[in-house]
Amino acid sequence: MEQATIAPIVKSVTVNCSQEQAFRVFTQRFGEWWPLRTHSMGEENAESAVLEPRVGGRIYELNRGGQEGYWGTVTLWDPPNRLEFDWQVNPTAPGPTHVAVCFTPQGETTVVELEHGRWEIHGPQADEARGSYASEGGWALVLEGFARMANSRSD
């Protein structure tokens, strides 16, 4: 039986910094710009988020008391051009979705485009799972925090 493809979520933001700086802020400063209070498993108990910079690197949150909450695994590491990761913040989900983030220089700025797909893995709950990330409180909000930090940083 063939399963219907569900359109990926595509969000982009333009930041006023070099491609290299945008990639560094996104990856090395991940825990500083990620909105932990609203976008984490531990919410008020979440203290930081970590993105390990390599293929196979984990993406996770650290909570008070040292507990980790697994979010995903880096599947492609191509600084400063592209980063991809499997994403599964819900441990009971049937499997991970997939996120690709591209950093494209455009003059003095950088366009950062995030594409989140592979929703089909959620089966009948796919539209609901996708909806939470597609809303203004999903990836759009997350990328706002990244853009604020990228626009305020200087090399």
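Refer to the structure presented above.
Residues numbered from 1 in each chain as written. Predicted model: local features only at pLDDT ≥ 70, side-chain atom pairs only at ≥ 80, totals over all residues. Heavy atoms only, no water.

**Q** Even after reading the chapter, I still don't get the packing of helix H1 (residues 19–28) against helix H4 (residues 139–152), so can you show me in this structure?
**A** For any two helices packed against each other, one specifies the crossing angle of their axes together with the interaxial distance. At a minimum axis distance of 10 Å, the contact between H1 and H4 shows a crossing angle of 125°. The pairing of H1 with H4 is recorded here as oblique in orientation. In this structure, H1 meets H4 at a crossing whose hand is right-handed. Mapping the contact onto sequence places Gln21, Ala22, Val25 and Phe26 in H1 and Leu143, Phe146, Met149 and Ala150 in H4. Here the residues of the contact of H1 with H4 sort into seven nonpolar, one polar and no charged. (Axes fitted to C-alpha atoms, helices over the stretch in contact; angles between N-to-C directions. Helix = DSSP H or I, 4+ residues; strand = E, 2+ residues; numbered from the N terminus. Parallel < 35°, antiparallel > 145°, perpendicular 65-115°, else oblique. Left-handed = near helix turned anticlockwise from the far one by under 90°. Contact = heavy atoms within 4.5 Å. Nonpolar A, V, L, I, M, F, W, Y, C, P; charged D, E, K, R; others polar.)

**Q** Please clarify how H4 should be interpreted in this entry.
**A** Because an α-helix packs 3.6 residues into every turn, residues spaced three or four apart end up facing the same way. In this model, H4 (14 residues) spans 20 Å end to end at C-alpha, consistent with the 20 Å of a helix rising 1.5 Å per residue. All of the buried residues in H4 are Trp139, Ala140, Val142, Leu143, Gly145, Phe146, Ala147, Met149 and Ala150. (Expected span 1.5 Å × (residues − 1). Buried < 20%, exposed > 50% of the residue type's maximum accessible area, 1.4 Å probe, protein only.)

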